[in-house]
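# What the coordinates show
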Amino acid sequence: MACCGKYQVSEEKIPNGRLWRPLIYRRCTDIAWLIIFFIFWAGMMFVTGYAITAGATERLLFGYDSYGNVCGRRNLPIKGAPLSGQDMTDRKEVFFLNSCNLEIRNMKINSIALCVSSCPREQLNNRKEVQRFAERNGSYLCVYNLNSSEYTLNAHAAELCPMLPVPPSKSFPLFRRCIPQTPECYSQFVPVLINVVNEMDLFHRIIAGIMTSKDSIIGLCALAVVFSLIMVAIFRFIAVILVHILVALVVFGLFFVSSVLWWLYYDHVTDPSIELESEKENSKFLLAFAVGTTVISIIIFVLILVMRRRLKLMTELFRVASETISAVPLLLLQPVWTFIILIFFWAYWVAVLLSLGTAGTAYATNGGHVEYKPLSAIRYMWWYHLFGLIWTSEFILACQQMIISGAVVSCYFNRDKNNPPSHSILSSISNLSNYHLGTVAKGSLIITLVRIPRVILTYIHSTLQGKDNACARCMVRSCTCCLCCLEKCLRYLNQNAYTATAINGTDFCTSAKEAFFILVKNSLNIAAINSFGDFLLFLGKVFVVCFTCFGGLMVFNYQRALQVWVVPLLLVAFFSYFVAHCFLSVFERVVDLLFLCYAIDLETNDGSADKPYFMDKALMEFMNKSSEETGKVRNPKAGNHPAGTEMHPMLPV
C-alpha cells in the first residue's frame, strides 16, 4: 500500500473551521483500523482453511448415502457400518427412497439415501418397473444388500426399495442429487435439500409455484432491467415534459394495476368452477395485494398533489446531476461492479459455511447407518464467519461510496467545467486503495457493530413468536426499530464522512465531525431538497415495479390453477425494485454529494474575483430558487467568509 505520499496542508486557518481543500498529495488515514481489518481477514482465512481440512467438502459436492459412502469415490469402511467402504466410482448420483415425503426430524432426514448410477427419468409405478430400470441402466434403486432379482420377491422389499410410484427425477448440476420433477414432490424435496422447514402445506405449494414459474420470473426480471435503463435515460436526458410524463405514467400505472387486481379478485370470487386449494389461496392473496396496492396508490397520488409545484425545480436538479454523470459516465457502472463483487464474496461465504456444516466425526448407529457429530469449535466459527459476512459486505459498499465521492468531488472542484478531469474514476480508485482503505474499514465496522445487535434481536423475536409474552416482543421490536433508525443515520453520516475524506484526506472521525457541522449549518436547505429529490427517484422505482408487475399479472394469471402465483409475483416486484434501486441510487448519491460540495463551497468562498465559487451557474440558480421555495434565502454572494480561502481543483494522482 502506497503510504509514502506527502500530506500537503495549508498553514492558513479559518476562525470557525478547517481549510477545506482537495489535496494532491495525501497520507494514509486510519492505518490501525486497516491493520485490524487485515488481522480479521487472517482469521477468516483460518476459518476457510479449517473448513477445507476438517469439513468434508466431498460429501457436500458429490453427496453421500446413509452408510457413509461418498458418491463417485472409493470409500474406506466405517466401524459398525457393514454397507460402508464401497466403491462408488460409477455411482455418482444421490437418490432418496422417499423423495416425495422428505422430512427433517431432530436434524435428520427421514429417508434412506443411496448412491446410484443415474436418476430415473420416467415414473416407475411398481417394483417390476424398478427391477427393469436396474437391469437396463445398471442403476439400482434399492438398498445395496438386496439383489435386483429379489426386488419383486423379497418380503422386505417395501422397506428396502423406494416408495411407489417413483417420480421422474433429474440430477441437480452442482450437488448431484436426484431431484423429483413433479411439482408436488419437488415442493416436498427442495425445503429439505436447503434445510428449510416451515408450515408445510402452503409452503410446499409456494415452492411448486416458483419452480413452475421460474422461466417467467427470469423473463420479467429482464424486463425490469429494461425499464430501469429507460428510467436512467429519462433522468440522464431529463426535461420538464419528461418529468410530467413520468408522473402521469406512475399515477396511471398505479391505478391501472390496482384496477386489474380488483378485477382479477372479482373474477376469482365469482367463478363457480374454483375448487382447487391453490385457486382459493390465490383469491386471498389477490385481495391483500389489491388492498395494499390501492392504499399505496392513494398515498402516492396525494403526495404528488402536494409536491406538484416542486416538479419543475426537481427537473433542474436532475439536469445538474445528469451533467455531472455525463462528465463521468462510468459512475453508472459502479453499482454493477459492486454487485458482481458482492456475488463472488457471498458465493465464497456460503461455500465456507457449508463446508463448516459438514465438519464432524463419523459414527455408526444401531441400524448400520452412519451419522456425523459436529465438532465443538464449529459454532464459534459460525459467529465469526457471520461477522465477516456483514463487515466485508459493508466494506465493499463503502468502497463504492468512496469511489463515487472522489469522482464527483474531482469534477465539482474543477474550474474548467467544459474540460472535466480525465480518468476521475481511476484517480478515485487509486486514492482509495493507496490511502483511505483504513477509513472505509472503520466506517464499515461501525455499521457492522450496529447491525449485529439487530440480527440478534431479530433471532430473539423469532423465538418469541407464538409465546404469551407480548411485553417482551414489544420491547424487542422497539429496540430493533431504534437500532434501525440509528443505522440509517450512521449510514448517511458515513457517506458524507467519505466525501470529506475525499476532499481533505482526513481520518474518519475528523471527516465525520466536520461533515456533520457543515450539514447542520445547511440542514433546512438540504433536507427540503433531498426529500423532493428522493421522492422523484422513488417515483422512478415505482414506475419500474408497476409496469413489471403488470406484465407478471398477464403472465401468471394463465397459470392460476397450477400454483400460488401471487408469491412469484411478489418476488418479481421485489427484484424489479432492487434493480431499479441499483441503477437510480447513483443519481441519489450524486445529488447528495452536490449538496455537500455546495455547502462547502459557500463556507470557503464568497463569489468575489479572488475567491470565486466552484459551482456552475445552473447549480447556483437552482439553489437560489430552492432557497426561495423553502423560505430560507442565503445569498451566495454575501461575503461572510472574511478568512475564507479558495479551494484549488483536485488533480489526478
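Residues numbered from 1 in each chain as written. Predicted model: local features only at pLDDT ≥ 70, side-chain atom pairs only at ≥ 80, totals over all residues. Heavy atoms only, no water.

### Observations concerning the overall build of the protein
Within the protein one finds 18 helices and eight strands. Counting across all 653 residues of the protein, residues that qualify as buried make up 49%. Within the protein, counting contacts between residues at least 6 apart in sequence, those at least 24 apart form 72% of the total. Surface accessibility of the protein: about 31,900 Å² in total, with carbon and sulfur atoms responsible for 64%. (Helix = DSSP H or I, 4+ residues; strand = E, 2+ residues; numbered from the N terminus. Buried < 20%, exposed > 50% of the residue type's maximum accessible area, 1.4 Å probe, protein only. Contact = heavy atoms within 4.5 Å. Areas by Shrake-Rupley, 256 points an atom, 1.4 Å probe, with all protein chains shown as cover.)

### Side note on the state of the cysteines
Counted by the stated rule, this structure contains three disulfides. What pairs with Cys142 in a disulfide is Cys161, and their sulfur atoms sit 2.0 Å apart. Disulfide Cys142-Cys161: the torsion about the S-S bond is 110°, which places it as right-handed. Residue Cys142 is located in the loop between helix 3 (127-137) and helix 4 (157-160), and its partner Cys161 is located in the loop between helix 4 and strand 5 (169-171); the two are separated by 19 residues in the primary sequence. (Disulfide = S-S within 2.5 Å.)

### A short note on the pairing of strand 4 (residues 113-116)
Residues Ala113 and Cys115 of strand 4 are buried on one face, and the alternating residues Leu114 and Val116, pointing to the opposite face, are buried as well. The pairing of strand 1 (residues 93-96) with strand 4 spans four bridges and is antiparallel. Residue pairing across strands places Phe96 opposite Ala113, the latter belonging to strand 4. (Pairing = 2+ DSSP bridges.)

### Observations concerning the packing of aromatic side chains
Considering all chains together, one arrives at 14 aromatic pairs under this definition. With 6.4 Å between their ring centres and 55° between their planes, Tyr498 and Phe508 make a pair best called tilted. Of this pair, Tyr498 sits in helix 14 (residues 470-504) while Phe508 sits in helix 15 (residues 508-521), and the two are ten residues apart along the sequence. Judged by its relative accessible area of 1%, Tyr498 falls in the buried class. The class of Phe508 is buried, set by a relative accessible area of 5%. Through pairs of rings, three or more aromatic residues link up here, namely Phe37, Phe40, Tyr384, Phe387, Trp391 and Phe395. (Phe/Tyr/Trp six-rings, centres within 6.5 Å; stacked < 30°, edge-to-face > 60°.)

### Quick notes on the pattern of salt bridges
When their charged atoms lie close together, side chains carrying opposite charge are able to pair. With the rule as written, the count across this model stands at six salt bridges. Across the pair Glu487 and Arg451 runs a salt bridge, and its minimum N-O distance is 3.9 Å. You can see Glu487 sitting in helix 14 and its partner Arg451 sitting in helix 13 (residues 424-464), a full 36 residues away along the chain. On the basis of relative accessible area, Arg451 is assigned to the partly exposed category, the value being 31%. Residue Arg491 is joined to Glu487 by a salt bridge in which the shortest nitrogen-to-oxygen separation is 2.9 Å. (Salt bridge = Lys/Arg side-chain N within 4 Å of Asp/Glu carboxyl O.)

### Here's the deal with the packing of helix 12 (residues 378-412) against helix 14
Two elements in contact, helix 12 and helix 14, have axes separated by 9 Å at closest approach and are oriented at 50°. When the interaxial angle is binned, helix 12 and helix 14 end up oblique. Considering only the axes of helix 12 and helix 14, their crossing is right-handed. Residue-level inspection shows Glu394, Ala398, Gln401, Met402, Ser405, Gly406 and Val409 of helix 12 in contact with helix 14, the latter providing Arg491, Gln495, Tyr498, Thr499, Thr501, Ala502 and Ile503. Partitioned by chemical class, the residues of the contact of helix 12 with helix 14 number six nonpolar, six polar and two charged. (Axes fitted to C-alpha atoms, helices over the stretch in contact; angles between N-to-C directions. Parallel < 35°, antiparallel > 145°, perpendicular 65-115°, else oblique. Left-handed = near helix turned anticlockwise from the far one by under 90°. Nonpolar A, V, L, I, M, F, W, Y, C, P; charged D, E, K, R; others polar.)

### Quick word on the packing of helix 11 (residues 334-357) against helix 12
Orientation of helix 11 relative to helix 12, taken along the N-to-C sense of each, is 175°, at an axis distance of 11 Å. For the element pair helix 11 / helix 12, the angle class is roughly antiparallel. Here the contact of helix 11 with helix 12 is composed, by residue class, of 18 nonpolar, eight polar and no charged.

### Quick notes on the pairing of strand 8 (residues 370-374)
With five bridges joining them, strand 7 (residues 360-364) and strand 8 adopt antiparallel strand pairing. Residue Ala364 lies in a different strand from strand 8, and its bridge partner there is Val370. Connecting strand 7 to the antiparallel partner strand 8 that follows it, the hairpin turn spans five residues, and Gly368 within it adopts a positive phi of roughly 85°.

### So, the nonpolar core
In terms of nonpolar packing, the biggest core is built from 80 residues, with Leu331, Tyr412, Phe413, Leu539, Val590 and Met615 touching the most fellow members. By residue number, the principal contributor to this core is helix 12, which donates 16 residues. Setting aside anything within four residues of it in sequence, one finds Leu331 in contact with Ile325, Ile404, Ala407, Val408, Ile425, Val586 and Val590. Grouped together as the second largest cluster of nonpolar side chains are 29 residues, Phe95, Ile112, Phe133 and Ala157 included. (Core = buried A, V, L, I, M, F, W, Y, C linked by side-chain atoms within 4.5 Å.)

### Some thoughts on the environment of Asn126
Tracing the backbone shows Asn126 in the loop between strand 4 and helix 3. The partly exposed category is assigned to Asn126, whose relative accessible area is 32%. Taking C-alpha positions, Asn126 is 6.3 Å from Leu164, a pair spaced 38 residues apart along the chain.

### A closer look at the side chain of Ser444
Inspection of the secondary structure assignment puts Ser444 in helix 13. A relative accessible area of 2% places Ser444 in the buried class. At 2.9 Å, the side chain of Ser444 and the backbone oxygen of Val440 are in polar contact. Not counting the four nearest positions on each side in its chain, Ser444 is found in contact with Trp391, Glu394, Phe395 and Tyr498. (Polar contact = N/O pair within 3.5 Å; in protein donor to acceptor, adjacent residues only side chain to side chain.)

### Let's talk about unusual backbone geometry
The omega torsion of the bond from Leu164 to Pro165 falls at -10°, within 30 degrees of zero and hence cis. Secondary-structure assignment places Pro165 in the loop between helix 4 and strand 5.

### Here's the deal with the side chain of Asn494
Here Asn494 is to be found in helix 14. We classify Asn494 as buried; its relative accessible area is 3%.

### Thoughts on the confidence of the model for the protein
Low pLDDT marks regions whose predicted coordinates should not be analysed in detail. Model confidence for the protein is summarised by a mean pLDDT of 75, while 73% of its residues fall at 70 or above. Here helix 6 (residues 200-212) is the element of the protein with the lowest mean pLDDT, 48, and helix 1 (residues 31-54) is the one with the highest, 91. Counting interchain partners and residues more than four positions distant, the pLDDT-below-50 stretch residues 4-16 has 24 contacts. (pLDDT = per-residue confidence, 0-100.)

### A closer look at the environment of Pro453
Looking at where Pro453 falls in the secondary structure, it is placed in helix 13. Spatially, the C-alpha atom of Pro453 lies 9.3 Å from that of Cys479, the residues being 26 residues apart in sequence.

### Focus: the environment of Gln123
Relative to the elements of secondary structure, Gln123 occurs in the loop between strand 4 and helix 3. Using a relative accessible area of 38% as the deciding quantity, one classes Gln123 as partly exposed. Residues Gln123 and Pro180, spaced 57 residues apart in sequence, show a C-alpha to C-alpha distance of 9.8 Å. Ignoring sequence-local partners within four residues, the contact set of Gln123 consists of Glu129, Pro165, Val166, Pro167 and Pro168. At a separation of 2.7 Å, a polar atom in the side chain of Gln123 contacts the side chain of Asn125.

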